[in-house]
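Chain residues, written in single-letter form:
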Amino acid sequence: MSGYVLATTVGVLFALGTFLILRRDLLRVVWGITLYSQAANVYLMTMGGIAEAGFEVVPVLAHHGEGVPETTDPLVQALVLTAIVISFGMTAFALVLTFRVYEENATIDVSELGGGR
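Rules behind the numbers
- Residues numbered from 1 in each chain as written.
- Predicted model: local features only at pLDDT ≥ 70, side-chain atom pairs only at ≥ 80, totals over all residues.
- Heavy atoms only, no water.
- Phe/Tyr/Trp six-rings, centres within 6.5 Å; stacked < 30°, edge-to-face > 60°.
- Helix = DSSP H or I, 4+ residues; strand = E, 2+ residues; numbered from the N terminus.
- Buried < 20%, exposed > 50% of the residue type's maximum accessible area, 1.4 Å probe, protein only.
- Patch = residues over 30% accessible without salt bridge, like charges linked within 9 Å, V, L, I, M, F, W, Y side chains within 5 Å.
- Areas by Shrake-Rupley, 256 points an atom, 1.4 Å probe, with all protein chains shown as cover.
- Salt bridge = Lys/Arg side-chain N within 4 Å of Asp/Glu carboxyl O.

> Tell me about the packing of aromatic side chains, residues and numbers included.
Using the criterion set out here, one finds one aromatic pair in the structure. With a centroid separation of 5.4 Å and an interplanar angle of 75°, the aromatic rings of phenylalanine 14 and tyrosine 36 are classed as edge-to-face. In this pair, phenylalanine 14 is assigned in helix α1 (residues 2-21) and tyrosine 36 in helix α2 (residues 26-48), connecting sequence segments 22 residues apart. Under the relative-accessibility criterion, tyrosine 36 is labelled partly exposed at 33%.

Set out below in structure tokens:
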């Protein structure tokens, strides 16, 4: 059941990202790219899967009795955490660039910035 929920979440995030990227407002384009990166992170976490419980998978929990919880792959979690930090930095940079474009051109409409076509 959770696989369907995660697949639906990834699909909705990619659809909203595509919708926002196709807008004329530069700020919405930045948020669309941000949604794309978050959708990719959720996709990676979904593909990481859940491992069966066992002491060989999580040796730290060997002294905690019989109730070893199911775990996900820690490598995928580390990579996604790194990707979240990088995408946050790139989003902040893109927002600063959008502000600079607004200061220079007094608009953030993409069609007006493209030379009036």
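Back to the write-up after that little detour.
> Describe in detail a nonpolar patch on the surface, supporting the description with residues and values.
A cluster of nonpolar side chains, Ile86, Met90, Phe93 and Leu97, forms an exposed patch at the surface whose accessible area comes to about 420 Å². Along the chain, leucine 97 turns up in helix α3 (residues 74-105). The class for leucine 97 is partly exposed, based on a relative accessible area of 43%.

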